[in-house]
Amino acid sequence: ARAAPQESSDNIQIPSRSVGLLIGKGGATIKKLQADSGARIAVKADKETTVNGILHTQVVLTGSDEAIDKVQTAIEALLGSNARS
């Protein structure tokens, strides 16, 4: 039996108003991000903090370091144009 690759996790904060954009219609966007990267994405709706007066929600990314880097880049690209109101 082969050992499973080492998994790690990373917490990021995204503007709470962008959570719907991250999840997508019927979860389509978050499912695609997970499938494309191999990482798992967990939105922690109960873990909110205020950063510079803007409410942020914690998102936990789990997978290999490579998968986490890949999904984090994809999330930043997705939310980049929507990071400003």
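This text gives an overview of the structure that appears in the document. (Residues numbered from 1 in each chain as written. Predicted model: local features only at pLDDT ≥ 70, side-chain atom pairs only at ≥ 80, totals over all residues. Heavy atoms only, no water.)

## With respect to the sheet that holds strand E2 (residues 40–51)
Logical step 1: Judged by pairing direction, the sheet is antiparallel, and its three strands sit side by side in the order E1-E3-E2 without closing on themselves. Single-partner strands in this sheet number two, and they are strand E1 (8–15) and E2. Averaged over all adjacent pairs, the angle separating strand axes in this sheet is 25°, with direction ignored.
Logical step 2: Lying over the sheet, helix H3 (residues 65–80) contacts E1, E2 and strand E3 (54–63), oriented at roughly 10° with respect to E1. (Pairing = 2+ DSSP bridges. Helix = DSSP H or I, 4+ residues; strand = E, 2+ residues; numbered from the N terminus. Axes fitted to C-alpha atoms, helices over the stretch in contact; angles between N-to-C directions. Contact = heavy atoms within 4.5 Å.)

## Some thoughts on the pattern of salt bridges
Opposite charge on two side chains permits pairing when their charged atoms draw close.
Logical step 1: Across all of its chains, the model carries two salt bridges by this definition.
Logical step 2: Notably, a salt bridge pairs Glu7 with Arg40, separated by 3.2 Å at the nearest N-O pair. Here Arg40 lies in strand E2 and Glu7 lies in the segment before E1, a separation of 33 residues in the sequence.
Logical step 3: Since its relative accessible area comes to 43%, Arg40 is described here as partly exposed.
Logical step 4: Note that Lys32 is salt-bridged to Asp36, the shortest N-O span being 2.6 Å. Here Lys32 and its partner Asp36 are both found in helix H2 (residues 28–37), four residues apart, which amounts to about one turn of the helix.
Logical step 5: According to the relative accessible area criterion, Asp36 is partly exposed, its value standing at 44%. (Salt bridge = Lys/Arg side-chain N within 4 Å of Asp/Glu carboxyl O. Buried < 20%, exposed > 50% of the residue type's maximum accessible area, 1.4 Å probe, protein only.)

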